[in-house]
Amino acid sequence: MTATSVPFRVLPELSDRTASFWQGGEQGELRFHRCGPCGMRLHPPVPVCPSCGSHEVNPEAVSGRATILTFTTNYQAWMPGPDLPYVVAIIAIDEDPRVRLTTNIVGCRPEDVRIGMPVQVVFEHHPDPDGDIWIPLFMPAEELV
Amino acid sequence: MGRASERLEKRSCITGIGQSEIGRRLFRDPLELTIDACRAAIADAGLQPSDIDGLSTYPGMLDGGPGFNGANATEVQDAMRLELDWFDSGVETSGQLGSVIKACLAVGAGLANHVLCFRSVWEGSAQKGGGRAPIGGGSAAFRASGSLQWTLPFAAPSAAIWIAMFAARHFHEFGTTREQLAAIAINGRRNAARNPQAIYREPLSLDDYMAARMISWPFCLLDCDVPCDGATAFIVSRDERASDLRHPPVRVEAVGTALHGRPSWDQFDDLTTMANRDAAAHLWSRTDLKPSDVDIAQIYDGFSFLALSWLEALGFCEVGEGGPFLAGGERIAPTGELPMNTHGGQLSAGRLHGYGFLHEAVVQLRGDGGARQVAGDPRVAVAAAGGGNTCGCLLVSRD
């Protein structure tokens, strides 16, 4: 699923370590690095598992389902971006509540966003000569049912 | 995990304080402001520039946005022709006051006798009339890297947004309210009225606060500190060199530098507390004094919620009780049980970025507060600065 309108966004600089995250949306996948031997999910991505020390760390898709841990409705035009007001949230993925993302909540009115709300990833495609980017945003999960 | 028990910071004293002219927009050379503050601190201690053998500052060569850094260590060393046995500068430390804490350790370790510490900002002039600048670029060509790539693509380029989310979680878990946060802003403004150096000195009511423009809920404009121009400097001296200087020394009783949670805004384990939880616990582990021994608290309020969070972290109330502790503002008033931000804090006295709190702690412990001097002969003060993943604090006292 693709978000309907595409606002200006500061895009990330792609690197070998982060491309799997920022380009997973091409396949509709939200991906995080995960340690092969111990299974720990790692974000932001690092090349060595902080738990068991393994170098077998590779990106792996998760379900894209998550829960809103906290959020703010932002009214200030800091820079070009989404229409005001917009919601910035910290979500935790269903597979591991220790793995968080700062993101935007879309697909509902800001006044309908709640802490604890189940959400689902939706990607916003930004074509770019240096490599396209898919920004992972989240919308209320019930909107997808 | 055992902690080191030797407390080198107790060998250090704050013997000099200085500030430049401070204003909303001064349009003066920030290096000139910095040197003004440094020379004032050296003179306040009764020293000469040739006595300075150490230098420490925050944030060093960091592009933190327009006006974030008025002078680097090398610029000040050269401009003042300082001959240094020890120097340090950088942003990866325990908050803005981490630079002062490093100076305490340097004199404790015998690397220097008198360390000049400074923090210089000119955000007011540098940001001109355009309002507070976002962190990072706003152009189509700019690419976010490092930690900023996890926030800027989501239109979250300000600590106002990042900290608002901690506040919102605190509101959610503990029932904290905007009226309770307002006490921080109103207390600061009332105190600023008695501080001639403060930026905003006109009275502020709860109605004014509740009517102010919303920035990032729950923060309105009056929850956000005011960018300004100005520099603050300290002289940190080794104890045996402090006794025959111009003022009675203010002793460093303990410092707090710990960060046990992940050094991240959004990956931090508890979204109602921040790095101040670890730094404050560290401070109390290094002294026999208790929160009840503190006479005055000078606590970072770059955003109002940070002060609430520090009050909880430092044990002046339980985690979750910050709102009721602040409600009505009586406890933190100059006549209350814990006078707080007696100069106005950064919300009203200007965003001097951490150093203003330690400056005011020394002013009050010396009894030099003038119209804003806290009664009752305060002897112990805490100065705390920072938020998110960068926090540090000092407990200071006089004999």
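Given the structure is predicted, the values throughout are model-derived calculations rather than measurements.

Draft legend 1. Region of interest: the overall build of chain A. A count of helices and strands for chain A gives 1 helix and 9 strands. Helices (α) and strands (β) of chain A occur, in sequence order from the N terminus, as β-α-β-β-β-β-β-β-β-β. Relative to the globule expectation of 15 Å for 145 residues, the C-alpha radius of gyration of chain A, 16 Å, shows essentially globular dimensions. Pairs at least 24 apart in sequence give 52% of the contacts found in chain A among residues at least 6 apart.

Draft legend 2. Focus on the packing of helix H6 (residues 178-192) of chain B against helix H9 (residues 304-313) of chain B. Residue and element names in this part refer to chain B. Between H6 and H9, the least distance of the axes is 9 Å, while the angle of their chain directions is 100°. Classified by the angle between their axes, H6 and H9 sit roughly perpendicular to one another. Contacts from Leu 181, Ile 184 and Ala 185 in H6 reach Ser 304, Phe 305, Ala 307 and Leu 308 in H9. Within the contact of H6 with H9, the residues separate by chemical class into 6 nonpolar, 1 polar and no charged.

Draft legend 3. Spatial organisation of the interface of chain A and chain B. Taken residue by residue, the interface counts 29 residues in chain A and 31 residues in chain B. Counting only elements with at least two residues in the side of chain A that touches chain B, the list comes to strand E1 (11-12), strand E5 (65-74), strand E6 (86-93) and strand E7 (96-105) of chain A. Here the element with the most residues in the side of chain A that touches chain B is E5 of chain A; it accounts for 6 residues. Residues that form the side of chain A that touches chain B fall into these classes: 16 nonpolar, 10 polar and 3 charged. With 2 bridges joining them, E1 of chain A and strand E5 (residues 143-144) of chain B adopt parallel strand pairing. When the sheet's bridge partners are listed, Leu 11 of chain A is paired in E5 of chain B with Arg 143 of chain B.

Draft legend 4. The nonpolar core, seen in detail. Residue and element names in this part refer to chain B. In this structure, Leu 116, Ala 383 and Leu 394 are the most contacted members of the largest nonpolar core, which totals 162 residues. It is helix H5 (residues 159-174) that provides the largest number of residues to this core, a total of 10 residues. Ignoring sequence-local partners within four residues, the contact set of Ala 383 consists of Leu 97, Gln 298, Phe 357, Leu 358, Ala 361, Cys 393, Leu 394 and Val 396.

Draft legend 5. The arrangement of helix H1 (residues 30-45) of chain B in detail. All names here are of chain B. Over its 16 residues, H1 extends 23 Å from the first C-alpha to the last, a length consistent with the 22 Å expected when each residue adds 1.5 Å. Those residues of H1 that fall on the buried side of the exposure criterion are Pro 30, Leu 33, Thr 34, Ile 35, Ala 37, Cys 38, Ala 41, Ile 42, Asp 44 and Ala 45. Considering only its buried residues, H1 is in contact with strand E1 (12-19), helix H2 (73-79), strand E4 (114-122) and strand E8 (229-238). Gly 46 sits one or two positions beyond H1 and adopts a positive phi of about 80°.

Draft legend 6. Summary view of the confidence of the model for chain B. Across chain B, the average pLDDT comes to 95, with 96% of residues at 70 or higher. Among the prediction metrics, the complex's ipTM stands at 0.96, with pTM recorded as 0.96.

Draft legend 7. Seen up close, the packing of helix H8 (residues 276-284) of chain B against H9 of chain B. Residues and elements named next belong to chain B. Following both chains from N to C, one finds H8 and H9 inclined at 40°, their axes separated by 9 Å at the closest point. Put simply, H8 runs oblique to H9. In this structure, H8 crosses over H9, and the sense of that crossing is right-handed. Along its contact with H8, which presents Asn 276, Arg 277 and Ala 280, the element H9 presents Ser 309, Trp 310 and Ala 313.

Draft legend 8. Quick peek at the sheet that holds E4 of chain B. Residues and elements named next belong to chain B. Spatially, E3-E2-E4-E8-E1-E9-E12-E11-E10 is the arrangement adopted by the 9 strands of the open sheet, whose pairing is mixed. Strands with a single pairing partner mark the edges of an open sheet, and in this sheet they are strand E3 (86-89) and strand E10 (296-299). Adjacent strand axes in the sheet meet at a mean angle of 25°, parallel and antiparallel pairs treated alike. Taken together, the 4 bridges between E10 and strand E11 (residues 380-387) define a ladder with parallel strand orientation. Residue pairing in the sheet places Ala 297 in a bridge with Val 382 of E11. Across the sheet, H1 lies against E1, E4 and E8, angled at about 35° from E8, the strand it touches most.

Draft legend 9. Geometry of the pairing of E8 of chain B. Residue and element names in this part refer to chain B. For E8, the tally of buried residues reaches 10 of 10 residues, placing the bulk of the element in the interior. The side-chain alternation of E8 yields two buried faces, one formed by Asp 229, Ala 231, Ala 233, Ile 235 and Ser 237 and the other by Gly 230, Thr 232, Phe 234, Val 236 and Arg 238. In the sheet, E1 pairs with E8 via 7 bridges, with the strands oriented antiparallel. Counterpart to Ile 14 in the pairing with E8 is Val 236. Inspection of the sheet shows E4 paired to E8 by 9 bridges, in the antiparallel sense. Each bridged residue has a counterpart across the sheet, and for Phe 118 the counterpart in E8 is Ala 233.

Draft legend 10. Examining the sheet that holds strand E4 (residues 57-62) of chain A more closely. Residues and elements named next belong to chain A. Taken together, 3 strands build an open sheet; the order of strands is E3-E2-E4 and the sheet is antiparallel. Of all the strands in the sheet, the pair left with one neighbour each is strand E3 (41-42) and E4. In this sheet, E4 lies alongside strand E2 (residues 30-35) in antiparallel orientation, the contact comprising 6 bridges. Pairing of Phe 32 across the sheet is with Glu 60, part of E4.

The rules behind the values
- Residues numbered from 1 in each chain as written.
- Chains lettered and ligands numbered in written order.
- Predicted model: local features only at pLDDT ≥ 70, side-chain atom pairs only at ≥ 80, totals over all residues.
- Helix = DSSP H or I, 4+ residues; strand = E, 2+ residues; numbered from the N terminus.
- Rg over C-alpha atoms; globule rule 2.2 N^0.38 Å.
- Contact = placed C-beta atoms within 7 Å.
- Axes fitted to C-alpha atoms, helices over the stretch in contact; angles between N-to-C directions.
- Parallel < 35°, antiparallel > 145°, perpendicular 65-115°, else oblique.
- Nonpolar A, V, L, I, M, F, W, Y, C, P; charged D, E, K, R; others polar.
- Pairing = 2+ DSSP bridges.
- Core = buried A, V, L, I, M, F, W, Y, C linked by C-beta atoms within 7 Å.
- Buried ≥ 20, exposed ≤ 12 C-beta atoms within 10 Å, placed from the backbone.
- Expected span 1.5 Å × (residues − 1).
- pLDDT = per-residue confidence, 0-100.
- Left-handed = near helix turned anticlockwise from the far one by under 90°.

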